[in-house]
Amino acid sequence: QVQLQESGPRLVKPSETLSLICSVSGGSISTYYWSWTRQPPGKGLEWIGHIYYSGSTNYNPSLKSRVTISVDTSKNQFSLKLSSVTAADTAVYYCARDVGTNYGMDVWGQGTTVTVSS
Amino acid sequence: QSVLTQPPSASGTPGQRVTISCSGSSSNIGSNYVYWYQQLPGSAPKLLMYRNDQRPSGVPDRFSGSKSGTSASLAISGLRSEDEADYYCAAWDDSLRNWVFGGGTKLTVL
């Protein structure tokens, strides 16, 4: 049973870089895509981007200039970096296994709340 | 503003059947599968329906999905109090090359 767990700082200052890691257990990361999605307080889901285990990525065009997603197959982890954050980036950040356009995002982490504030 | 359009709210009484609609375009729903996610209060989203009308293991058959053209819908029959949650539709968008979501529908069981 694959499980995902997000980790990283819960508080980030404006203009700095938000960094999160998603640790994958119960299965290998060397298959499928791996996604990040966020949810601002009281709002809906916004897909940030995903990475294939080989390293190829797709990003949400609205965030593309600030986002980097990378994968470390040796640690069975993938990570998210979002630069130049503002209060609008305050959200719950979820990582998920992304089995592609035939099966969707089928396993999700519990989410981690990141607040952008000085 | 979300790429996919859902009604913000829906409601029903226990035992009733409710449907939630999701409208998109030719670049997303019109050319790709639709997915539905259930988000219980304070929890992460959970995959409820994949490939338009397929239920993952463990999802009750009270839940059903359908798609026609650039629209899709989720139906819940025999409504139960534990179905009270937010429901999101999603699809891959070929033009944007990303997953797009609906704005979510808050289902209230009266």
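Here the residue numbering is sequential within each chain, running from 1 through the sequence in written order. All chains are assigned letters beginning at A, and all ligands numbers beginning at 1, according to the order in which they are written. Predicted model: local features are reported for residues with pLDDT of at least 70 only, side-chain atom pairs are reported and counted for 80 or more only, and whole-chain, interface and lining totals are derived from all residues. Excluded from the side-chain calculations are hydrogens and water; all other atoms, namely the structure's heavy atoms, are used.

### Observations regarding the overall build of chain B
Next up, step 1: Scanning chain B for helices and strands turns up zero helices and nine strands.
Next up, step 2: All radius of gyration figures rest on C-alpha atoms, and the globule criterion is 2.2 Å times the number of residues raised to 0.38. Relative to its length of 110 residues, chain B is compact, with a C-alpha radius of gyration of 13 Å against a globular reference of 13 Å.
Next up, step 3: Dimensions of chain B along its principal axes, counting C-alpha atoms only, are 40 × 25 × 25 Å.
Next up, step 4: Each residue's exposure class comes from its accessible area (1.4 Å probe, protein chains only) as a fraction of the maximum for that residue type: buried when under 20%, exposed when over 50%, partly exposed otherwise. For chain B, with 110 residues in total, the buried portion stands at 47%.
Next up, step 5: In chain B, the share of contacts with a sequence separation of at least 24, taken over all contacts with a separation of at least 6, comes to 58%. Segments assigned H or I by DSSP are reported as helices when at least four residues long, segments assigned E as strands when at least two residues long, and all are numbered from the N terminus. The criterion used for residue contact is that any of the two residues' heavy atoms lie within 4.5 Å.

### With respect to the interface of chain A and chain B
Reports often express the size of an interface as the amount of accessible area lost when the parts come together.
Next up, step 1: Contacts between chain A and chain B engage 24 residues on the former and 18 residues on the latter.
Next up, step 2: Carbon and sulfur atoms supply 61% of the area that chain A and chain B bury against each other, a total of about 1,800 Å² over both sides.
Next up, step 3: Throughout this description, a polar contact denotes any pair of N or O atoms lying within 3.5 Å of each other; where both atoms belong to protein, one of them has to be capable of donating a hydrogen while the other can accept it, and for residues adjacent in sequence the pair is counted only when both atoms sit in side chains. Summed over the shared surface of chain A and chain B, the number is 10 residue pairs in polar contact (both at pLDDT 80 or more).
Next up, step 4: Where the side of chain A that touches chain B is concerned, the elements lending two or more residues are β4 (33-39), β5 (46-52), β6 (57-59), β9 (91-98) and β10 (105-108) of chain A.
Next up, step 5: When grouped by side-chain class, the residues that make up the side of chain A that touches chain B number eight nonpolar, 12 polar and four charged. Buried area, as used here, totals the accessible surface that two parts lose on assembly, with accessibility defined by a 1.4 Å probe and the loss added over both. When residues are sorted by character, Ala, Val, Leu, Ile, Met, Phe, Trp, Tyr, Cys and Pro go into the nonpolar class, Asp, Glu, Lys and Arg into the charged class, and all the rest, Gly among them, into the polar class.

### So, the state of the cysteines
Each disulfide consists of one covalent bond between the sulfur atoms belonging to two cysteines.
Residue and element names in this part refer to chain A.
Next up, step 1: In this description, a disulfide is simply a cysteine sulfur pair whose atoms lie within 2.5 Å. Under the counting rule described, the total for this entry stands at two disulfides over all chains.
Next up, step 2: Residue C22 pairs covalently with C95 via a disulfide, S to S 2.1 Å. Judged by the sign of its S-S torsion, about 60°, the bond between C22 and C95 is right-handed. Of this pair, C22 sits in strand β3 (residues 18-25) while C95 sits in strand β9, and the two are 73 residues apart along the sequence.

### Considerations on the sheet that holds β3(A)
Residue and element names in this part refer to chain A.
Next up, step 1: Ordered by their spatial adjacency, four strands build an open sheet running β1-β3-β8-β7, and the pairing between neighbours is antiparallel. In the strand order of this sheet, the two ends are held by β1 (3-7) and β7 (67-72), each with one partner. Put simply, the sheet's adjacent strands are angled 20° from each other on average, direction ignored. Following DSSP output, two strands are said to pair if at least two bridges run between them. Every angle, taken between N-to-C directions, lies between 0 and 180 degrees, and every axis is a line fitted to C-alpha atoms, over only the stretch in contact when it is a helix.

### As for the side chain of N60(A)
Next up, step 1: Structurally, N60(A) is set in the loop between β6 and β7.
Next up, step 2: Among the polar contacts made by the side chain of N60(A), one reaches the side chain of S62(A) at a distance of 2.8 Å.
Next up, step 3: If we skip the residues at most four places from it in the chain, N60(A) touches E46(A), W47(A), I48(A), G49(A) and N98(B).

### Comments concerning the sheet that holds strand β5 (residues 63-68) of chain B
All names here are of chain B.
Next up, step 1: Ordered in space as β2-β6-β5, the three strands form an open sheet in which the pairing is antiparallel. Only two strands of the sheet have a single neighbouring strand rather than two, namely β2 (18-23) and β5. Ignoring which end each strand starts from, the neighbouring axes of this sheet average 15° apart.
Next up, step 2: Across six bridges, the pairing between β5 and strand β6 (residues 71-76) is antiparallel. Across the sheet, residue S64 finds its bridge partner in β6, namely A75.

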